[in-house]
Amino acid sequence: MLGICIYLIGISANAQCAMCRAALSGDSNTKKAEAVNDGIVYLMVIPYLLVLIIGYLIYRMYSKKKKAV
C-alpha cells in the first residue's frame, strides 16, 4: 500500500497544466521555471503554517485550562 502511495505521489508531482508547460518549455526559461516553482511552494506552505499556528493556539488554550482546574 505504501509503495502505491509513493508511486502516485511521484506521478502527480510531474503534472503541469497546459499553459504552464507551454510557457516554461525550453532551456531559455530556466529562471522563469524556478520562479513558478518557488511560487507554487510558497502557496502550498501558507495553509500548513496557518493550521499549525491554530493547532498550537488551541493546544495552549487547553493546557491553560487543565492547569487552572
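Counting from 1, residues in each chain are numbered in the order their sequence is written. With the structure being a predicted model, the display of local features is reserved for residues of pLDDT at least 70 and the display and counting of side-chain atom pairs for 80 or more, all residues being used for whole-chain, interface and lining totals. Side-chain descriptors were evaluated using all non-hydrogen atoms of the structure, hydrogens and water having been removed beforehand.

Chemist: Please clarify how the overall build of the protein should be interpreted in this entry.
Modeler: Think of it this way: any DSSP run of H or I at least four residues long counts as a helix, any run of E at least two long counts as a strand, and we number them from the N terminus. Looking only at helices and strands, one finds three helices and zero strands in the protein. Along its sequence from the N terminus, the protein presents helices and strands in the succession α-α-α. Partly exposed describes any residue whose relative accessible area lies between the buried limit of under 20% and the exposed limit of over 50%, with all areas from a 1.4 Å probe on protein chains only and scaled to the type maximum. Looking at the protein residue by residue over its 69 residues, the buried ones come to 3%. As displayed, the protein has an accessible area near 6,600 Å², and 71% of this comes from carbon and sulfur atoms. Values of accessible area rely on a 1.4 Å probe in the Shrake-Rupley scheme; residue burial ignores everything except the protein chains shown.

Chemist: Sorry, what's going on with the environment of Ser63 here?
Modeler: Residue placement: Ser63 occurs in helix H3 (residues 30-68). Look at Ser63 and you get partly exposed, because its relative accessible area is 24%.

Chemist: Explain the confidence of the model for the protein here, please?
Modeler: In low-pLDDT regions, the fine details of the predicted coordinates are not to be read closely. Each residue carries a pLDDT score, the predictor's own confidence in it, on a scale running from 0 to 100. Looking at the protein, the pLDDT average stands at 79 and 77% of residues meet or exceed 70. Per-residue pLDDT, averaged within each element of the protein, yields its smallest value for helix H1 (residues 2-13) (64) and its largest for H3 (88).

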